[in-house]
Amino acid sequence: DPAHLRFKQLLEADRLFNLNDTLSESDTRSKLIDPLFKEVLGWSESEIRREKPVTKGYVDYVLGADYSYLLIEAKRAHPRFQLSAANKPRKLSLAGPHLLGNAKVRPHIHQAQGYASDLGVQFCLVTNGTQLVIFRPYLPGRSWRQGMAVVYHDHADMDGSFAELYDL
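Fair warning: this is a prediction, and the values are worked out from it, not measured in the lab. (Residues numbered from 1 in each chain as written. Predicted model: local features only at pLDDT ≥ 70, side-chain atom pairs only at ≥ 80, totals over all residues. Heavy atoms only, no water.)

Let's talk about the sheet that holds strand β1 (residues 48-54)
- Overall, mixed pairing links the 7 strands, which are arranged β1-β2-β3-β5-β6-β7-β4 in an open sheet. Looking along the sheet, the strands with just one partner apiece sit at the ends: β1 and β4 (91-93). Strand-to-strand twist across the sheet, computed as the mean angle between neighbouring axes with direction ignored, equals 30 degrees.
- Where strand β3 (residues 70-74) meets strand β5 (residues 123-127), 5 bridges bridge the pair, whose relative direction is parallel. Its bridge partner being in β5, A74 is matched across the sheet by T127.
- Packing against the sheet, helix α3 (residues 106-119) makes contact with β1, β2 (57-63), β3, β5 and β6 (132-135), and its axis sits at approximately 145 degrees to β3. (Pairing = 2+ DSSP bridges. Helix = DSSP H or I, 4+ residues; strand = E, 2+ residues; numbered from the N terminus. Axes fitted to C-alpha atoms, helices over the stretch in contact; angles between N-to-C directions. Contact = heavy atoms within 4.5 Å.)

Remarks on the packing of aromatic side chains
- A complete count under the given rule lists 5 aromatic pairs for this structure.
- Look at Y67 and Y69: their rings are 6.2 Å apart centre to centre, the planes differ by 70 degrees, and that puts the pair in the edge-to-face class.
- Y69 gets classed as partly exposed once you look at its relative accessible area, which sits at 23%.
- Among the aromatic side chains, those forming a connected cluster through ring pairs are F7, F162 and Y166.
- Over the ring of Y61 we find R29, and its NZ or CZ is 5.2 Å from the ring centre. (Phe/Tyr/Trp six-rings, centres within 6.5 Å; stacked < 30°, edge-to-face > 60°. Buried < 20%, exposed > 50% of the residue type's maximum accessible area, 1.4 Å probe, protein only. Lys NZ or Arg CZ within 6 Å of the ring centre and 35° of its normal.)

Re helix α2 (residues 25-40)
- The largest bend along α2 measures about 40 degrees and falls at D34, with the proline P35 one to four residues further on.
- Just downstream of α2, G42 is the residue with a positive phi angle, here 85 degrees. (Bend = angle between axes of the 7 residues up to and from the residue.)

Section: α3
- Spanning 14 residues, α3 covers 20 Å between terminal C-alpha atoms, matching the ideal 20 Å at 1.5 Å per step.
- Residues of α3 that are buried include every one of H108, I109, A112, Q113, Y115, A116 and L119, and no others. The arc that holds the buried residues of α3, viewed along the axis, is 165 degrees, so those residues lie on one side.
- Against β1, β2, β3, β5 and β6 lie the buried residues of α3.
- Looking at the residues trailing α3, positive phi occurs at G120, about 70 degrees. (Expected span 1.5 Å × (residues − 1). Arc of directions from axis to C-beta.)

Function cannot be inferred from these measures alone, as they are strictly geometric.
Below, the structure written as structure tokens:
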């Protein structure tokens, strides 16, 4: 698959997920997040809007051509999210100890979900360029906090489950 091949090429060329303590959020976005979404996952520049204003600030990215489909809240590459789930499970409960129960991750998830209400997006993604947390900001008939998140713990995890990541 060409997308997976491109992902591997970027990893091997050290152009993707090159962890560096000095990367700002802006550097993380341009050097880690943009290549993943544009060069690997195939989002065109016309489908990506950056710094979209909402009631309480600016959304880092909104993806979608005809409507806002995916909101991305970007964070610095370091420090990494403290996702300490044993065996790195793909699906985690939003309300569980690793996401909303984790004081280091909770504010980022709340921030993305808060922005989602202004935009009506179907999915939220919180990333530091090396870890991805994807969730639905609304659930019919129940609180969004009762939902599940799809989590990619690091680039090896993305590589090992690339087909699933690409399908998302």
